[in-house]
Amino acid sequence: MTIRKARAATYRGVAGDESHAVPTATAIAIDDVGHGTTVDDHGGETPLAVAAPVAVAPQYAEASVSPAVVPAQQPPQQFAMTAIDSPTMPAYFKVQAPVAPPQSMSVFRAGDDDALVIKRRWYNRGVYFKAAFAIFWNGFMLVWNSFAIVSGAYVFAIFGLLHDAVGLFLIYDVVTTFVNSTFVTVRDGSITVENRPIRRCCEAPKEVDTMPIREIRCKRNVNVGSDGSVDTSFDVRAVDVNRIETVIVGGLALLEEALFLEQELENYLGLGQATVVSGEVA
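None of these values were measured; they are calculated from a predicted model.

K.L.:
With reference to specific residues and values, describe the packing of aromatic side chains.
P.N.:
The full count for this structure, using the stated rule, is 9 aromatic pairs. Ring geometry for Phe169 against Tyr172: centres 6.3 Å apart, planes inclined by 35°, an arrangement best described as tilted. Linking Phe169 with Tyr172, this pair stays in helix H3 (residues 161–179), spanning 3 residues, or about one helical turn. Phe169 sits in the exposed class, given a relative accessible area of 51%. Overall, the relative accessible area of 29% leaves Tyr172 in the partly exposed class. Ring pairs connect the aromatic residues Phe140, Trp144, Phe156 and Phe159, which therefore count as one cluster.

Dropping the structure here:
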C-alpha cells in the first residue's frame, strides 16, 4: 500500500486572520472553542500558538473560556489566545503526516471495481478480563437457578431472569470481540460500513453517499462521570457541502485508528487538499 505524502493543514486563530502551517505534526487537535494542539508520532502533545497573547480583562483571562459565555459586547480580540488542548474537552483532529496502519487495521482492494476496503478487528487484550467475568457471572447464575428450581423457590428463579439476560449479553460481547471486524468499503459513490460475521440484532449496513462529502475528520468525544472518571472515544465523520456531519465509524478507542481511517478515505476520495479552520470546515 502506498500512502501519499500528507498535506500541511492550516489552523486560524479565533481572533486573527493569520494562518499557520504545521507540516511536522502527525495531527492537529482543534477543540470546540478554537484551541489547537499538535500531536506527534509518539503521542506527545504540543500547544499550537495561534496568535500572540493579548491584554485581557481578569474575568476573561482563562484560555479555555468559551465565546458563548462572554458578554456580547466583548470583542473577540479580548480573548486570551494561549492555545490548549485538554483531554477532558471534545476536539477535532486532522491528519498532518502519514499515519502507519495500527495493528488492528488493514487495507486491501476488492472486486472488479477495485473498491477500497478497510478492516478493523474488534479484538483487544481487555477481552480476557471480560471473558473471565462472563464465566464467573454465568457460573453463579447457573448455581442460583439450579438451587431455586430444586428447592421450589420459583420466585427466586424468576427474579434471576434479568441477571440471566445480562449473562447472555456478556457472552455475546466476548464472542463478538474475539471474532468480529468492522469493514468500511468505498465503491460506486458510497461508503458502506458493516460488522461481520456477527451482526447486532436488527443491525443493517450503514450507507454514506460520497458525492456531497467535502472533508473527512476525526472528533474526540469525552464523557466525564459523576465520580470524575473520563471516558474517551473517537468518531470518523464526513462533512458535506452544507457542513452537516455524518458519523461513518464511531466509538473507536484509539486516535491512531481514527486518523488512519480518515487518511485512507480522504486519499481514495481525492480530498487531500481539505483544511480545518477554527474547528470548522474551511
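K.L.:
Tell me about the pairing of strand E8 (residues 115–121), and name the residues and values.
P.N.:
Across the 7 residues of E8, 5 count as buried, placing the element largely inside the fold. Direction of pairing for strand E7 (residues 105–110) relative to E8: antiparallel, over a ladder of 6 bridges. Counted as the bridge partner of Met105 is Arg120 from E8. The hairpin formed by E7 and E8 contains 4 residues between the paired strands, and Gly111 there has a positive phi angle of roughly 80°. Alignment of E8 against strand E9 (residues 181–187), held across 6 bridges, turns out to be antiparallel. When the bridges of E9 are listed, Leu116 appears paired with Val186.

K.L.:
Tell me about the sheet that holds E7, and name the residues and values.
P.N.:
Here 5 strands make up an open sheet; going across it, the order is E7-E8-E9-E10-E11 and the pairing antiparallel. At either margin of the open sheet sits one strand with a lone partner, and together these are E7 and strand E11 (206–209). Averaged over neighbouring strand pairs, the angle between their axes works out to 20° when direction is ignored. Sheet strands in contact with helix H4 (residues 255–269) are E7, E8, E9 and strand E10 (190–196), and its direction is about 175° off that of E8.

K.L.:
So what about the environment of Phe93? Which residues, and what values?
P.N.:
By the element assignment, Phe93 lies in strand E6 (residues 91–95). The spatial distance from the C-alpha of Phe93 to the C-alpha of Lys219 is 6.1 Å, given a sequence separation of 126 residues.

Parameters at a glance
- Residues numbered from 1 in each chain as written.
- Predicted model: local features only at pLDDT ≥ 70, side-chain atom pairs only at ≥ 80, totals over all residues.
- Heavy atoms only, no water.
- Phe/Tyr/Trp six-rings, centres within 6.5 Å; stacked < 30°, edge-to-face > 60°.
- Helix = DSSP H or I, 4+ residues; strand = E, 2+ residues; numbered from the N terminus.
- Buried < 20%, exposed > 50% of the residue type's maximum accessible area, 1.4 Å probe, protein only.
- Pairing = 2+ DSSP bridges.
- Axes fitted to C-alpha atoms, helices over the stretch in contact; angles between N-to-C directions.
- Contact = heavy atoms within 4.5 Å.

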